[in-house]
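Topology and contacts: notes
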Amino acid sequence: MKTRREFIKISALGIGAAAIASQSNRWGFGLPLYADENKSNKSKATKLTPTYCEVCFWKCAAWAHINDNGKILKLTGNANDPQCNGRLCPRGTGGVGMVYDDDRLKTPLIRVVENGKQTYREASWPEALDYIAEKMKEIAAKNGPESIALFNHGSAGGHFTHLLKSFGSSTITAPSFAQCRGPRETGFETTFGAQVGSPEPTDIRDTRCLVLIGSHIGENMHNAQVQEFSDAVDKGATIITVDPRLSIAANKSKYWLPIKPATDIALLLSWIHVLIDEEIYNKEYVAKHTMGLDQLKVHVSTFTPEWAYGITNIKPSVIRQTAREMADAAPSVLIHPGRHVTWYGDDAQRSRAIAILNGLLGSWGARGGFFMKASAGIPDFPHPEYPKPKWSWPEVLNGKYPFASMSVSNTFIEASISSNDNKYPIKAWFVAGTNLPVAIPMMSQMQKALQDLELVVVVDTMPTEVTGFADVVLPECTYLERHDDLRDVPHRVPTIALREPAIEPMWESKPAWWIAKQIGERLGLHDYFKYEDFEEVISWQLQQKGLTLAELKSKGIVVLPRHNESPYLDPKEDYHFNTPSGKVEFYSSALASAGFDPIPVYTPHPEPEDGFYRLIYGRAPMHTFSRTANNPNLTDLMDENSVWVHPKVASLWGLEEGKYTYLRNQDGITSNFPIKVRVTERIRWDSVYMVHGFGHNQKELSRAFGKGANDTQLITNVMIDPMMGGTGMRGNFVTFTATGATEEKEAAL
Ligand code: MGD
Ligand code: SF4
């Protein structure tokens, strides 16, 4: 009989905690943190080690500065890296806090039952790895290796992808598609035949007009993008920001359009109407490269600015004026595709409207618009061909979401619930570098899945919420203690950057490449892991590119020439877009034949009931998702989120600046913890705003536990995008329960 898999607060550890504490002393890691050290410790760095940052996925190349005692003193940007131009963002600088965080996972842990209660006990590495390998063999014998799935995010993912593929499973997913950028990839692919990808090929530095639609560059701190944004502002580019909130970017904009939430498609259609009606679109580009203008013309003929005003609250004169600004700047204009775009369940269509607008202005392939990316192309270290899986993520989709170009994490959760009668059932999860309960807003489904799974392995650096659901927890060392794959990010110019360990892994933590190899060896997959050290892999790969490890060790990064000369389209030349027609498709027959609107339409979304306000969320410059919430250096800068409330709403509810309130959503879910009130005119009266990634309920995160509220907990209404499966999260409404909240907060301090 199966035992219910209970959520374990890792603080329940007995012997483990004691052993960890003594180890901590033995290894001498009660050392001061970087922030303190800067003030008090005058020791000098005597060694520089190249790395690239893992605090977010911009992956800036950096140097770790190490002193004679083997302590990392600080991190600085690598001046040769075009992704950062020698400067790290506040999160990147604070990355060293991840290393010296005493709350880190320190040894492998295995779930056991003691006195009728589930808990974890410390395990040795061989014991934990044997346990996992045996279970994997057992599950594969019954259900095939395909039934073992990987959820991943970040560098660890590459190593476990290799492990699973070697074993015969491509059942691999990440939240970065269906919870983040998926809709824009679908919207752009169905229009230009190409995805946007990460990092975005947005030529912000040379743009004359930048339009941001719910994309808050500056708070969303992707390094070179923010630097280019700042340069563009200095050079006098026109910035148009569409946001219900006066974001930092909106504050720097010539036009702030405080749109009524959930109505962006109406604004986009109206802009398209103005460009066509006034004949100010890029006629040469449209004639040469696009198809479907006639259908588009008919489609938008009634979407006048007056029509859009009633929906969006943006004045017709402003809609016309901003459309003309875009046309004046074309083709050096960018309607930014955004990044986290899973909002209302019709997000792929909103992204398509953005793509069509860019197509009308001719910005795809233009200087100051979107450039054509180039990458270095690093070959795989030799290994036998992967076995061909009998099924993979497309089968898990089960006929749904025909325009999903990547795996949809939510369908993996559904395929893990046994009562769903799945044709392709998932029986085991590897989770590497993603805190699923905070990342995927389907907690009730996730809990069902977690009850049914036969094995859950979590590889993480911190005891975050997801570790509490594991059968085995494996402590990965941080990015400053390990090798990982060479960085090859496609951008204006190809680059290769090296990550080397700045220090030895602390406690019993290990790099992901080592963990994957050890499990692989136990599964009889030696031929896929024919190296003793990951440096061998890197060294071989560099040789194939005519480079040496010694060169990369001394430079950290090399910049290579582009394989084709220009990152822009030559206006004189024809170009074949990878769409069914070979053109930029304003009208998509592929969408029409699959039963979707061939040109985007605006559909109204539900409104909040009286006394409720739309919950919108975003990022802060000093944090990344939930991964930095416990970082000692970054909690120094911001240790809790707050809820932004318009003054009118605050006075209606008696909410005071700096006091606390609980939030309750439309389904009666109340935030686990109270959240601080910020009264500000910078938010529309019908919405409230908070930063994502706070309100942790894992006690072992000593700095993050109970700090602020968790937006994901309040997102119980999820609107799935029928085109690509994205989880729209902005159809949730909250009200306030302030009584007693401040007193409870004070008592807890
Ligand atoms: P994090 O919350 O940062 O990202 O969601 P996640 O991918 O879950 O959690 C990362 C986990 O990785 C943490 O447990 C951290 O401790 C661990 N970790 C950090 N470094 C390492 C490492 O080197 N190795 C290993 N093994 N683990 C490491 C992001 C996802 O969330 C995304 S991409 C988006 S865009 C969405 N954003 C979002 C939102 O804004 N609001 C709401 N409500 N939900 C969201 N979900 C999505
Ligand atoms: Fe690190 Fe900041 Fe670069 Fe992201 S943008 S990789 S956090 S330095």
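Small disclaimer: the values here were computed from a predicted structure and weren't measured.

With respect to the overall build of the protein
Counting secondary structure elements, the protein contains 27 helices and 26 strands. What you see for the protein is a C-alpha radius of gyration of 26 Å, in line with the 27 Å of a compact globule of 749 residues. Dimensions along the principal axes, computed over C-alpha positions, put the protein at roughly 75 × 65 × 60 Å. For the protein, restricting intrachain contacts to residue pairs at least 6 apart in sequence, the fraction spanning at least 24 positions comes to 75%. Taking the average place of the 78 positive charges on the side chains of the protein and the average place of its 85 negative ones, the gap between the two points comes to 2 Å.

Focus: the pairing of strand S9 (residues 238–242)
Counting buried positions along S9 yields five of five residues, so the element is predominantly enclosed. In this sheet, S9 lies alongside strand S8 (residues 209–213) in parallel orientation, the contact comprising five bridges. What sits directly across from Ile213, in S9, is Val242. In the classification by handedness, the crossover that spans S8, the intervening helix H8 (residues 223–234) and the parallel S9 is right-handed. Pairing analysis gives three bridges linking S9 to strand S10 (residues 255–257), with the strands arranged parallel.

Here we look at the site of ligand 2
Around ligand 2, the surrounding shell consists of Cys53, Val55, Cys56, Trp58, Lys59, Cys60, Leu88, Cys89, Arg91, Gly92, Met221 and Asn223. Among the residues making up the shell around ligand 2, the classes are represented as eight nonpolar, two polar and two charged.

A look at the site of ligand 1
The environment of ligand 1 is made up of 29 residues, and the closest members are His153, Asp460, Glu476, Arg619 and Ser626. The separation between a nitrogen atom of ligand 1 and a polar main-chain atom of Ala439 is 2.7 Å. A distance of 2.7 Å separates an oxygen atom of ligand 1 from a polar atom in the side chain of Arg619. When ligand 1 is considered free in solution it has 910 Å² of accessible area, and contact with the protein chains removes 99% of it. Elements represented by at least two residues in the shell around ligand 1 include exactly helix H7 (175–192), helix H18 (436–439), strand S14 (455–460) and helix H26 (711–714). Here the element with the most residues in the shell around ligand 1 is H7; it accounts for three residues. When residues are assigned to domains, the shell around ligand 1 turns out to be shared by domain 1 (1–127 + 464–565) and domain 3 (613–748), each giving three or more.

Some details on the sheet that holds S9
In space, the four strands of this open sheet follow the order S10-S9-S8-S12, with parallel pairing throughout. The open sheet terminates on both sides in strands that have one partner only, identified here as S10 and strand S12 (333–335). Sheet twist, expressed as the average angle between the axes of neighbouring strands with direction ignored, equals 10 degrees. In the sheet, S8 pairs with S12 via three bridges, with the strands oriented parallel. Within the sheet, the bridge partner assigned to Val211 lies in S12 and is Ile335.

A word on the domain arrangement of the protein
In many analyses, interface size is given as the accessible surface area lost on bringing the parts together. Examined at the domain level, the protein breaks down into domain 1 (1–127 + 464–565), domain 2 (198–371 + 574–593) and domain 3 (613–748). In this complex, domain 1 contributes 26 residues to the contact, which on the side of domain 3 involves 22 residues. With both chains or domains summed, domain 1 and domain 3 bury close to 1900 Å², and 50% of this area falls on carbon and sulfur atoms. When the buried area of domain 1 at its contact with domain 3 is split by residue, Arg91, Asp103 and Glu465 rank highest and sum to 29% of it. Taken together, the connections running from domain 1 to domain 3 amount to two salt bridges.

Side note on unusual backbone geometry
In this structure, Pro199 follows Ser198 across a cis peptide bond, with omega equal to -5 degrees. Mapped onto the elements of the fold, Pro199 is located in the loop between H7 and S8. Cis geometry is adopted by the peptide bond preceding Pro331, which originates at Ala330 and carries an omega value of 0 degrees. In this fold, Pro331 is placed in the loop between helix H14 (316–329) and S12. In this structure, Lys59 takes a positive phi of about 60 degrees despite not being glycine. As for its placement among the helices and strands, Lys59 is situated in the loop between strand S1 (47–52) and strand S2 (61–66). For Lys59, a relative accessible area of 27% puts it in the partly exposed group. In this model, Glu279 sits at a positive phi of 55 degrees, which is unusual for a non-glycine residue. Within the secondary structure layout, Glu279 lies in the loop between helix H10 (264–277) and helix H11 (283–289).

Focus: the packing of H10 against helix H12 (residues 293–300)
Between H10 and H12, whose axes approach to 9 Å, the crossing angle comes to 115 degrees. Taken together, H10 and H12 sit at an angle that is classed as roughly perpendicular. Remark: the crossing between H10 and H12 carries left-handed chirality. Between H10, through Leu269, Ile272, His273 and Ile276, and H12, the contact on the second element is made entirely by Leu293, Leu296, Lys297, His299 and Val300.

Digging into helix H13 (residues 305–312)
Inspection of H13 places Pro305, Ala308, Ile311 and Thr312 among the buried residues, and these make up the whole buried set. Buried positions in H13, seen along its axis, are confined to an arc of 115 degrees and lie on one side of it. Looking at the buried residues of H13, the elements they touch are H10 and H14. Directly beyond the C-terminal end of H13, a positive phi value near 70 degrees is found at Asn313.

A look at the packing of H10 against H14
For the pair H10 and H14, the least separation of the axes is 9 Å and the interaxial angle reads 65 degrees. In this structure, H10 meets H14 at a crossing whose hand is right-handed. Every residue of H14 that contacts H10 at Leu267, Ser270, Trp271, Val274 and Leu275 is listed here: Ile319, Arg320, Thr322, Ala323, Met326 and Ala327. Split into classes, the residues belonging to the contact of H10 with H14 amount to eight nonpolar, two polar and one charged.

Quick word on the sheet that holds strand S3 (residues 72–77)
Note: strands within a sheet are paired through backbone hydrogen bonds, in either parallel or antiparallel orientation. With antiparallel pairing, the three strands of this open sheet are ordered in space as S1-S2-S3. The open sheet has two edge strands, S1 and S3, and neither has a second partner. Within this sheet the neighbouring strands show an average axis-to-axis angle of 30 degrees, counted without direction. As paired strands, S1 and S2 are joined by six bridges and run antiparallel to one another. Within S2, the residue paired with Lys47 across the bridge is Ile66.

Examining the pattern of salt bridges
Applying the stated criterion across every chain yields a total of 40 salt bridges. With a shortest N-O distance of 2.8 Å, Arg324 and Glu278 are connected by a salt bridge. With Arg324 in helix H14 and Glu278 in the loop between H10 and H11, this pair connects stretches of sequence that are 46 residues apart. Judged by relative accessible area, which is 33%, Arg324 ranks as partly exposed. Taking the relative accessible area as the measure of exposure, Glu278 reaches 28% and is therefore partly exposed. The network of salt bridges with common partners includes Glu54, Glu476, Arg482, Asp484 and Arg499.

Reading guide: rules and limits
- Residues numbered from 1 in each chain as written.
- Chains lettered and ligands numbered in written order.
- Predicted model: local features only at pLDDT ≥ 70, side-chain atom pairs only at ≥ 80, totals over all residues.
- Heavy atoms only, no water.
- Helix = DSSP H or I, 4+ residues; strand = E, 2+ residues; numbered from the N terminus.
- Rg over C-alpha atoms; globule rule 2.2 N^0.38 Å.
- Contact = heavy atoms within 4.5 Å.
- Lys, Arg positive; Asp, Glu negative; His and termini not counted.
- Charge placed at Lys NZ, Arg CZ, Asp CG, Glu CD.
- Buried < 20%, exposed > 50% of the residue type's maximum accessible area, 1.4 Å probe, protein only.
- Pairing = 2+ DSSP bridges.
- Right-handed = clockwise from strand over helix to strand, strands pointing away.
- Near = heavy atom within 4 Å.
- Nonpolar A, V, L, I, M, F, W, Y, C, P; charged D, E, K, R; others polar.
- Polar contact = N/O pair within 3.5 Å; in protein donor to acceptor, adjacent residues only side chain to side chain.
- Areas by Shrake-Rupley, 256 points an atom, 1.4 Å probe, with all protein chains shown as cover.
- Domains from an automatic or database assignment.
- Axes fitted to C-alpha atoms, helices over the stretch in contact; angles between N-to-C directions.
- Buried area = accessible area lost by both parts, 1.4 Å probe.
- Salt bridge = Lys/Arg side-chain N within 4 Å of Asp/Glu carboxyl O.
- Parallel < 35°, antiparallel > 145°, perpendicular 65-115°, else oblique.
- Left-handed = near helix turned anticlockwise from the far one by under 90°.
- Arc of directions from axis to C-beta.

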